[in-house]
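# What the coordinates show
The residues making up each chain are set out below.
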Amino acid sequence: MSVKAQLLASRLASALTVALWALFVVIPLAIMVMAAIKSPAEMAVNPFSWPQAFQWQTFQKAWEEAALARGIRNSLLLTSISLLFLVLFGASAAYPIARRTRWAPVFYFFLAGIMVPFQLAMLPLYRLMKLFSLINTYQGVIFIYVAVSLPMVIFLYSGFIKGINSELEDAALVDGAGPFRMFWTIIFPLLKPVTSTVIIMNIMSLWNDFFIALLFLPKKEMRTLQLSIFSFKGQYNSKLNLIMAAVILSILPMVIVFLALQKQFVQGIAGGAVKG
Amino acid sequence: MGLRNATWTNNTRLRTLITDALFLLPAFVVFAVFFAYPVISSFYFSLTKWDGINPELKFIGLANFQKLMGDRHFWTALRNTFRYAILVTVIQNVLGLILALAVTSKVYRGFRVLFLVPPLLSSIAIGSIWSYMYAPNGAVNSLLTLAGLEGLAQDWLGNPRLALYSLVVANIWKWTGMAMIIYLAGIQAIPKTIHEAASIDGVDVWQRFRHVTFPLIAPAFTINVVLSMIGSLKVFDIIYIMTQGGPGRATESITTYIFSRAFEANKFGYGTAIAVVMFAIILALSLIQLHFLTRREVRA
């Protein structure tokens, strides 16, 4: 086969592959939407038929009965505060590590955290949280979120800071700026590309976290979005339309943020992974 | 003068040391208290009898590990976890790479976005969608019936011989888009001139992939293999949501087993011992993989 024919063949193979995977991705998503819009009786007859009547009120009912407003508020609070601390603590800790070799042992201490699965910390952490009365508190879970994600964040920030020339900060220090003001006003703004990688990498794992919230936030009023859906699913096991409506409402915020920031997401995922 | 100078530099050095320490302090304290200390103390807790309620611990030496050796359910969980991790790692990387090659052309930009939607979804969303897909009267069986293949209809999560593989498919549905985007970034980082040189030389498509593209995306390959393997060895969410380790113990994983030992059987010491073994396995496998894969990177 000539190279030209091969190229044509590979182009066709690409189109076929993309079409098949798109179908595989779309079918479960379409079924999720169908299951929410149609009545359970209609769904049982044929999941793929076009709905006879769009049951939009299902969404309102799911929103109220799964207490999604509360779940979203709680998750928003946890995610945003954890992200804020991750960025502040991570960037500032990375600075001396990147600039002075004497902190290398501290760097390795953090770095070791990347290799250790959370499962190893989990049970002693449970004991510690009980001891400090931090179970069912937001601050407790925020501490854990920050501690678990910090190693990667410090790794990304310190790698980037090393690539920044230190002349600028030396000049600022000579001009009499204090080291903290110098860092936050001169260095930190230069770190924007990493900061966006850090936020995107962690926003997904924090917003979607199930395990840590399951362990440390069992109380009903404290439930995150994910746990609200989980307990709703347990309660309304037979009401497929309500569950799917609640699931759709729960994934919308993330999907909207993603569609609005596609480019940053793709760069954040790829950048975080390649550097990691 | 010389003396004054010396104290001045000593002072600045001390001042830098103190400011550096202040920069590091918040991260250090949070990480040390809420991660490093629990991790390090877990090695001690694994040597104790501890019920999770009573703060008193009883030191029992290696008894937990001895018990582990004879624990049938532990070995089942280990076997399931390995089977799951190997299947996910292989299939996800093969598919992710094929997809990345397929969507390299800009025509497919919209599809790249679509393929990244499943990775955004939470475990509970994936669990709800696929629980319905797999239900006895769910979507997969309806599809089979529509295609005239009623004979293949199954209780996909209720059949102990299929349940684990059903979970593998759900996992692959979720994460392959992520693997794809990492491979794609690797492919796009290859300088155009290399491809042009290859096409002028009349290199065929397979040779070009085998000798140009694949060696050059070695770093993306390393990171994808290591990430998918570690991630699937730790699997918990979708199992806990979809099957709770059942039917029987057909989908019990190491993490679900730790969870049930601790929070259902109140055997926290024993659970910690399992976690220590899990850590040793993950560490060993990661180091082996990194060793072989990065050696391949250098050679390429």
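Since we're looking at a predicted model, the values are computed, not measured.

When two helices pack together, their arrangement is given by the angle between their axes and by how far apart the axes lie. Residues and elements named next belong to chain A. One way to put it is that helix H3 (residues 57-65) packs onto helix H13 (residues 240-260) with a least axis distance of 8 Å and a crossing angle of 80°. As summarised for this structure, H3 and H13 are arranged roughly perpendicular, according to the angle between their axes. Between H3 and H13, the contacting residues are Thr58, Phe59, Lys61, Ala62, Trp63 and Glu65 on the first element and Asn241, Leu242, Ala245, Ala246 and Leu249 on the second. For the contact of H3 with H13, the residue count by class is 7 nonpolar, 2 polar and 2 charged.

This paragraph deals with the domain arrangement of chain A. Residue and element names in this part refer to chain A. Here chain A is described as being made up of domain 1 (3-55) and domain 2 (61-275). Its C-alpha centre places domain 1 at a distance of 33 Å from the equivalent point of domain 2. Facing the 9 residues of domain 1 at the interface are 7 residues of domain 2. When residues of the side of domain 1 that touches domain 2 are traced back to their parent elements, those giving at least two are helix H1 (3-37) and helix H2 (40-45). Split into classes, the residues belonging to the side of domain 1 that touches domain 2 amount to 6 nonpolar, 2 polar and 1 charged.

Across the boundary between the two partners, chain A contributes 72 residues, which contact 71 residues of chain B. The element best represented in the side of chain A that touches chain B is H1(A), accounting for 15 residues. Considered class by class, the residues forming the side of chain A that touches chain B number 56 nonpolar, 14 polar and 2 charged.

Residue and element names in this part refer to chain B. Summarising the model, chain B shows a mean pLDDT of 89, and 96% of its residues fall at 70 or more. Mean pLDDT per element in chain B: helix H9 (residues 192-200) is the minimum at 75, and helix H3 (residues 72-102) is the maximum at 96. Of the two predicted TM-score estimates for the complex, the pTM is 0.90 and the ipTM is 0.90.

A few words on unusual backbone geometry. Here Gly246(B) and Pro247(B) are connected by a cis peptide whose omega angle stands at -5°. With respect to the helices, strands and loops of the structure, Pro247(B) is situated in the loop between helix H12 (237-242) and helix H13 (254-263). With a phi angle near 50°, Ala67(A) is a residue other than glycine that sits in the positive phi range. If you trace the backbone, Ala67(A) turns up in the loop between H3 and helix H4 (68-99). Its identity as a non-glycine residue notwithstanding, Gln244(B) has a phi of 50°, on the positive side. Residue position: Gln244(B) is located in the loop between H12 and H13.

As a further point, take the environment of Leu123(A). Here Leu123(A) shows up in helix H6 (residues 118-131). The exposure class assigned to Leu123(A) is buried, which follows from the 31 C-beta atoms found within 10 Å. Taking the C-alpha atoms as reference points, Leu123(A) and Leu215(A), separated by 92 residues in sequence, lie 9.7 Å from one another. If we ignore the near neighbours within four places in the chain, the residues touching Leu123(A) are Ser42(B), Phe45(B), Ala262(B), Phe268(B), Gly271(B), Thr272(B) and Ala275(B).

Cut-offs and rules
Residues numbered from 1 in each chain as written. Chains lettered and ligands numbered in written order. Predicted model: local features only at pLDDT ≥ 70, side-chain atom pairs only at ≥ 80, totals over all residues. Axes fitted to C-alpha atoms, helices over the stretch in contact; angles between N-to-C directions. Helix = DSSP H or I, 4+ residues; strand = E, 2+ residues; numbered from the N terminus. Parallel < 35°, antiparallel > 145°, perpendicular 65-115°, else oblique. Contact = placed C-beta atoms within 7 Å. Nonpolar A, V, L, I, M, F, W, Y, C, P; charged D, E, K, R; others polar. Domains from an automatic or database assignment. pLDDT = per-residue confidence, 0-100. Buried ≥ 20, exposed ≤ 12 C-beta atoms within 10 Å, placed from the backbone.

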